[in-house]
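What follows is the residue order along each chain.
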Amino acid sequence: DYFIIPAIIGVAVLFLSGIFSGLLSSFSYTTSTLALIGSMGIGVLIALLIFAFFEILYTVAVLRMARFDSLGAALSFGEVWADLKDIGIVKMLMLYAAIASISGFALIGSLALALVFPYIGIFAILLIVVPAISLFSAYAFGLLYSEIA
């Protein structure tokens, strides 16, 4: 539910930025390649920002659903927004950045292990690293949400 709106907005932004018409006419000589790349970049950047904002809302909605044991609590957009304001968007962004950096380091280490020991490294990524990062992020977001609960 939380990604239907950004998907529609993202397609509209990409359509308005000329990405689709630019891709369709990219074989003609009238379209400037630089203008096409610029419109694609701006359109994709706007779409990614919209998706990131709704990802934060989605995370708070899942936290509300876990707290109240109700799907209705997750779908109440006004209360989700109020909880997000109580937590703080900056705190959420900092936590996302921390999880992304920890995930990046863990992935690099696991890929290095996979290069040395191919089957053991893949096994470590799938059965140890990914679940550990998932548990860590769920725990971290739960602690952040418990500050306002």
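Small disclaimer: the values here were computed from a predicted structure and weren't measured.

Chemist: Which parts of the structure should I look at to understand the overall build of the chain?
Modeler: Check the secondary structure of the chain and you find seven helices and zero strands. Here the chain, with 149 residues, has 29% of them falling under the buried criterion. Of all intrachain contacts in the chain linking residues separated by at least 6 positions in sequence, the fraction that spans at least 24 positions is 63%. Surface accessibility of the chain: about 9,700 Å² in total, with carbon and sulfur atoms responsible for 79%.

Chemist: Is there a simple way to think about the pattern of salt bridges in this case?
Modeler: Side chains that carry opposite charge are capable of pairing whenever their charged atoms lie near each other. Under the defined criterion, the tally for this structure stands at three salt bridges. Note that Glu79 and Arg64 form a salt bridge whose closest N and O atoms lie 2.4 Å from each other. Pair noted here: Glu79 is in helix 5 (residues 77-87) and Arg64 is in helix 3 (residues 33-68), with a separation of 15 residues, a long-range link. Judged by relative accessible area, Arg64 falls into the buried class, the value being 5%. When the shortest N-O distance is used, the salt bridge between Lys91 and Glu147 registers 3.2 Å.

Chemist: Looking at this model, I keep getting lost on helix 7 (residues 118-146). Mind explaining?
Modeler: Residues spaced three or four apart along an α-helix face the same direction, because each turn holds 3.6 residues. Helix length check: helix 7, at 29 residues, gives a terminal C-alpha distance of 41 Å against a target of 42 Å (1.5 Å per residue), a fit within 8%. Remark: the principal bend of helix 7, roughly 35°, maps to Ile125. Every buried residue of helix 7 is accounted for by Gly121, Ala124, Ile125, Val129, Ile133, Ser137, Ala140, Phe141, Leu144 and Tyr145.

Chemist: Quick question: what am I supposed to make of the packing of helix 5 against helix 6 (residues 89-116) here?
Modeler: Two quantities define a packed helix pair, namely the angle between the helix axes and the distance between the axes. Contact geometry of helix 5 with helix 6 gives a least axis separation of 6 Å together with a crossing angle of 80°. By the angle between their directions, the pair helix 5 and helix 6 is classed as roughly perpendicular. On helix 6, the residues touching Trp81, Leu84 and Ile87 of helix 5 are Ile89, Lys91 and Met92. Looking at side-chain class alone, the contact of helix 5 with helix 6 contains five nonpolar, no polar and one charged residues.

Chemist: Would you explain the side chain of Ser110 in this entry?
Modeler: Position of Ser110 among the secondary structure elements: in helix 6. Ignoring sequence-local partners within four residues, the contact set of Ser110 consists of Gly121, Ile125 and Val129.

Chemist: What's the story with the layout of surface pockets in this structure? I'm lost.
Modeler: Rolled over the atoms, a probe as big as a water molecule pinpoints where empty space is left. Its volume calculated, the largest pocket comes out at about 170 Å³. Listing elements by their share of the lining of the largest pocket, those giving two or more residues are helix 3 and helix 7. In terms of residue count, the dominant contributor to the lining of the largest pocket is helix 3 (six residues). In terms of residue class, the lining of the largest pocket is made up of seven nonpolar, four polar and one charged.

Rules used throughout
Residues numbered from 1 in each chain as written. Predicted model: local features only at pLDDT ≥ 70, side-chain atom pairs only at ≥ 80, totals over all residues. Heavy atoms only, no water. Helix = DSSP H or I, 4+ residues; strand = E, 2+ residues; numbered from the N terminus. Buried < 20%, exposed > 50% of the residue type's maximum accessible area, 1.4 Å probe, protein only. Contact = heavy atoms within 4.5 Å. Areas by Shrake-Rupley, 256 points an atom, 1.4 Å probe, with all protein chains shown as cover. Salt bridge = Lys/Arg side-chain N within 4 Å of Asp/Glu carboxyl O. Expected span 1.5 Å × (residues − 1). Bend = angle between axes of the 7 residues up to and from the residue. Axes fitted to C-alpha atoms, helices over the stretch in contact; angles between N-to-C directions. Parallel < 35°, antiparallel > 145°, perpendicular 65-115°, else oblique. Nonpolar A, V, L, I, M, F, W, Y, C, P; charged D, E, K, R; others polar. 1 Å grid on protein atoms, 1.4 Å probe; cavity = no way out; pocket = protein on both sides within 12 Å on 5 of 7 lines; lining within 4 Å. Points joined across faces, edges and corners; volume = space filled by probe spheres on them.

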